[in-house]
Amino acid sequence: MASYLIGDVQGCDEALGRLLQAIDFSPSRDTAYLLGDLVNRGPASAEVLRRLMALDGSARCLLGNHDMHLLACAWGVRRPHKRDTLDALLAAPDRAALLDWLRQQPLALHETVAGRELLMVHAGVLPQWTAAGTAALAAELQDVLRGPHIGDFLHEMYGNQPDRWDDGLAGNARLRVIINALTRLRFCSADGQMEFETKEGVGAAPAGFMPWFEVPDRRTADVAVAFGHWSTLGWLDRDDLYCLDTGCVWGGPLSALRVGATAARQALVQVDCPQAQQPG
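Residues numbered from 1 in each chain as written. Predicted model: local features only at pLDDT ≥ 70, side-chain atom pairs only at ≥ 80, totals over all residues. Heavy atoms only, no water.

Draft legend 1. Structural view of the side chain of Asp245. Take Asp245: it is sitting in the loop between strand E11 (241-243) and strand E12 (254-258). We note that Asp245 is buried and unpaired, the nearest opposite charge coming from Arg186 at a distance of 6.5 Å. A distance of 3.4 Å separates the side chain of Asp245 from the backbone nitrogen of Trp230, its partner in a polar contact. (Helix = DSSP H or I, 4+ residues; strand = E, 2+ residues; numbered from the N terminus. Buried < 20%, exposed > 50% of the residue type's maximum accessible area, 1.4 Å probe, protein only. Lys, Arg positive; Asp, Glu negative; His and termini not counted. Salt bridge = Lys/Arg side-chain N within 4 Å of Asp/Glu carboxyl O. Polar contact = N/O pair within 3.5 Å; in protein donor to acceptor, adjacent residues only side chain to side chain.)

What follows is the structure, encoded as structure tokens:
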């Protein structure tokens with residue numbers, strides 16, 4: 001039995017198929033944790049979702065910002081952007097089944113994987129949140145996405161305010177902070193104010209901000225955190241932190257990390273991915 005963390009696929013189904021072959025993935029034996037952004041910008045988003053659905057629970061998938069964008073387009077809240085590649089999925093005969101499966105997926109997972117406590121998110125975690133608290137907040141939002149009022153929330157999802165957490169937040173303002181942190185966060189201040197304009201690497205941090213995982217005394221520092229989202233950061237391998245977004249849609253590899261109880265028992269597997277988008 002093996003467990004793998006897989007970075008942002010973004011509609012690159014052919015590369016995902018080769019990666020699963022490279023790790024000799026067996027649905028009856030193994031588990032793959034995909035860290036969000038399953039769709040968009042790559043050429044085959046519908047095929048990615050069909051492949052993951054067919055794995056029938058051996059693929060545990062998180063929602064990322066591109067997945068949320070797809071839901072917003074499907075519910076008529078947003079129009080696809082010029083660089084989106086969602087038209088085929090939105091016109092697919094099995095569109096309803098694909099979208100229903102997608103909105104059932106979680107926004108965070110806090111589990112013991114291969115003997116290690118892991119918190120898995122797409123983007124980041126605010127410094128005030130514990131691992132258990134992050135999972136509980138994600139569950140609040142998951143209940144909305146899985147319920148009859150998903151459209152109401154999607155209409156209120158977009159926006160950068162509030163830009164920090166407060167335990168007293170309620171309603172859509174509370175949910176907006178949760179979704180922004182879990183699917184968009186890269187940089188924040190020491191007190192948890194989020195910054196969304198900067199998309200470059202660690203060295204581009206604006207004055208007063210830092211990568212979310214460098215905030216002193218963040219409350220998830222005692223748990224290993226795995227995330228994607230940050231292709232300009234790329235592969236990051238620390239004892240307490242793993243970034244798996246290696247930019248496959250931009251021509252970088254698609255990455256899978258076999259999780260082990262110790263660093264010596266872990267292994268990174270990558271496959272080349274044809275460039276589907278030009279940066280910029």
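Text resumes after the structure shown.
Draft legend 2. Region of the structure containing the side chain of Asn180. With respect to the helices, strands and loops of the structure, Asn180 is situated in helix H8 (residues 171-184). In this structure, Asn180 is in contact with Gly159, Asn160, Leu185, Met194 and Phe196, ignoring residues within four places of it in sequence. (Contact = heavy atoms within 4.5 Å.)

Draft legend 3. A look at the environment of Asn172. Looking at the secondary structure, you find Asn172 in helix H8. The class for Asn172 is partly exposed, based on a relative accessible area of 30%. Note: C-alpha distance between Asn172 and Leu141 (31 residues apart in sequence) is 9.8 Å. Setting aside its immediate chain neighbours within four residues, Asn172 contacts Phe153 and Glu156.

Draft legend 4. Geometry of the pairing of strand E4 (residues 108-113). Bridging between E4 and strand E5 (residues 116-121) involves 6 bridges; their strand directions are antiparallel. What sits directly across from His110, in E5, is Leu119. Hairpin connection of E4 to E5: 2 residues between the antiparallel strands, including Ala114 at a positive phi of 50°. (Pairing = 2+ DSSP bridges.)

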